[in-house]
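Chain by chain, the residues:
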Amino acid sequence: MAKFRESDLIRQWQTRVPIPRPDTVVGIGDDAAVLEPQSGGRLLVSTDMMVENVHFSLGWMTIREVGFKAVSAAVSDIAAMGGEPRHILASVGIPASARLEDANALYDGIGEACRLYGLDMVGGDTVASPAGWVIDMVVLGLATNQVLTRGGGRPGDVVAVTGYLGGAAAGLDWLRGGGQAVVTTPDERWVLLDMHRRPLAQVEAGRILAQSGATACDDVTDGLAAELRALCQASGYGCFIESQRIPTHPAVRNYALRRGKSPVDWALFGGDDYQLVCCIPPTRFAAAQAGCMAAGVMLTVIGRVTEDPALLWRSPSGVVEELPEGGFDHFAEEGEEHGHGVG
Ligand SMILES: Nc1ncnc2c1ncn2[C@@H]1O[C@H](COP(=O)(O)OP(=O)(O)O)[C@@H](O)[C@H]1O
Ligand SMILES: Cc1ncc(C[n+]2csc(CCOP(=O)(O)OP(=O)(O)O)c2C)c(N)n1
Ligand SMILES: [Mg+2]
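In the annotation of an unreviewed UniProt entry, the entry for the chain reads Thiamine-monophosphate kinase, and the organism field reads Kyrpidia spormannii. Among the UniProt annotations of the chain, the heading Catalytic activity (unreviewed entry) holds the following wording: "thiamine phosphate + ATP = thiamine diphosphate + ADP". Database annotation for the chain, UniProt heading Pathway (unreviewed entry): "Cofactor biosynthesis; thiamine diphosphate biosynthesis; thiamine diphosphate from thiamine phosphate: step 1/1."

1. Regarding the overall build of the chain
For the chain, the helix and strand inventory stands at 10 helices and 13 strands. Expected size for 343 residues packed as a compact globule is a radius of gyration near 20 Å; at 20 Å, the chain falls within 12% of this value. Each principal axis of the C-alpha atoms in the chain carries an extent, and together these give about 65 × 55 × 35 Å. Pairs at least 24 apart in sequence give 84% of the contacts found in the chain among residues at least 6 apart. Here the chain displays about 15300 Å² of accessible surface, and carbon together with sulfur accounts for 53% of that area. Distance between charge centres in the chain, computed from 27 positive and 42 negative side chains, equals 5 Å.

2. Focus: the site of ligand 2
Residues in close proximity to ligand 2 total 16 residues, the closest being His55, Thr221, Asp222, Asp272 and His330. Between ligand 2 and the protein, one listed contact pairs an oxygen atom with a side-chain N or O atom of Asp222 at 3.0 Å. Asp272 is positioned with one of its side-chain polar atoms (N or O) 2.7 Å from a nitrogen atom of ligand 2. Here ligand 2 has 590 Å² of accessible area as a free molecule, and 86% of this is covered by the chains. The class makeup of the residues in the shell around ligand 2 is 5 nonpolar, 7 polar and 4 charged.

3. Focus on the side chain of Glu188
Structurally, the position occupied by Glu188 is in helix 5 (residues 186-197). Polar side-chain contacts of Glu188 include one of 3.1 Å to the side chain of Arg258. Among all residues touching Glu188, those that are not within four sequence positions of it are Ala251, Asn254 and Arg258.

4. A closer look at the packing of aromatic side chains
This structure, assessed with the given rule, holds 2 aromatic pairs. Ring geometry for Trp13 against Tyr107: centres 4.0 Å apart, planes inclined by 10°, an arrangement best described as stacked. One end of the pair, Trp13, is in helix 1 (residues 6-14); the other, Tyr107, is in helix 3 (residues 100-117), with 94 residues separating them in the sequence. Of the two residues, Trp13 and Tyr107, both sit in the buried class.

5. A short note on the environment of Arg229
Looking at where Arg229 falls in the secondary structure, it is placed in helix 7 (residues 224-235). Distance from Arg229 to Leu311, taken between C-alpha atoms, is 7.4 Å for residues 82 residues apart in sequence. Non-local contacts of Arg229, meaning those with residues more than four positions away in its chain, are made with Leu311, Leu323, Pro324 and Glu325.

Criteria and thresholds
- Residues numbered from 1 in each chain as written.
- Chains lettered and ligands numbered in written order.
- Predicted model: local features only at pLDDT ≥ 70, side-chain atom pairs only at ≥ 80, totals over all residues.
- Heavy atoms only, no water.
- UniProt positions renumbered as here; feature names shortened; annotations may be inferred.
- Helix = DSSP H or I, 4+ residues; strand = E, 2+ residues; numbered from the N terminus.
- Rg over C-alpha atoms; globule rule 2.2 N^0.38 Å.
- Contact = heavy atoms within 4.5 Å.
- Areas by Shrake-Rupley, 256 points an atom, 1.4 Å probe, with all protein chains shown as cover.
- Lys, Arg positive; Asp, Glu negative; His and termini not counted.
- Charge placed at Lys NZ, Arg CZ, Asp CG, Glu CD.
- Near = heavy atom within 4 Å.
- Polar contact = N/O pair within 3.5 Å; in protein donor to acceptor, adjacent residues only side chain to side chain.
- Nonpolar A, V, L, I, M, F, W, Y, C, P; charged D, E, K, R; others polar.
- Phe/Tyr/Trp six-rings, centres within 6.5 Å; stacked < 30°, edge-to-face > 60°.
- Buried < 20%, exposed > 50% of the residue type's maximum accessible area, 1.4 Å probe, protein only.

Right, dumping it as structure tokens:
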């Protein structure tokens, strides 16, 4: 006897997601969703997959937190384009060990995030997975301002980031057990774990950046170094980064100090932060920063775009050199999954 049926599951899940938006003509329940086309904007579409023991471990995250994080990670790609997320589809592979409560808890997390981002869940697919959980999200969004691609940065633009970087990697380090012998205060731990388990997509900041003349943007999923490389490769220009300007949270710095690790390395190579890194003409920066501050988001200059295509930085030891390569790579060799300097 099956523990639950696909159709019952979907019916139960439907009660956990928000009621349909007015631009949803047909949502969950038919062969395809039907959406009202939007005039005066551009449609943004992105997909993002999370796999158990690659993107998360149920050893230290609840399946509800996984659902929330999967939506945030997917929405983050729409934020990085300066768009407004509107609709989402979720394809889920459920392992044999899962109970009905687990499947519903996943959707409690997905539903919570959908409400937070104003998303309408309009479909998906549900299958059995012989291995672990697999969660793939397709997000549709609308860009009514300029679209922020990766390749628009121009020499002289400042390079800026939202929020703090390196927190998700610090949290992962603690959760993996590496730092649990290290003295931390409960509030420090809370910051680290929250940054790892409950990232928030920077939708409002992306919209403000698009409105205030940013030229390029990317979200920090694989680490700042990898995203800077992606921005520079796309534009054909380079950058100069000041390591001491990279914003790391005081709790992350304290933990790194006691752990004998570098918070800047976590920011550069850790990934999973879901903050935005962007390029903005210097004359537009103050307005962009004020707009972000009014929305409760810190925007920090970390460097500038250069004509020379090299990626350079002033390292923590004060030496100007090439920005080290690295970052999260799914196909990296064992032991170097976090690239240079982290692990
Ligand atoms: N299997 C695939 N088939 C087609 N396009 C893909 C595939 N995987 C990734 N891409 C595309 O490659 C680009 C870079 O992907 P990725 O580095 O994963 O971006 P992001 O960090 O924003 O998720 C994106 O435009 C993405 O849509
Ligand atoms: C159990 C576990 N191991 C490692 C990590 C770290 N990690 C997994 S995926 C990832 C990067 C983001 O994933 P990816 O699929 O490359 O996102 P994309 O760039 O496509 O948005 C990171 C930092 C984690 N979060 N959990
Ligand atoms: Mg991807």
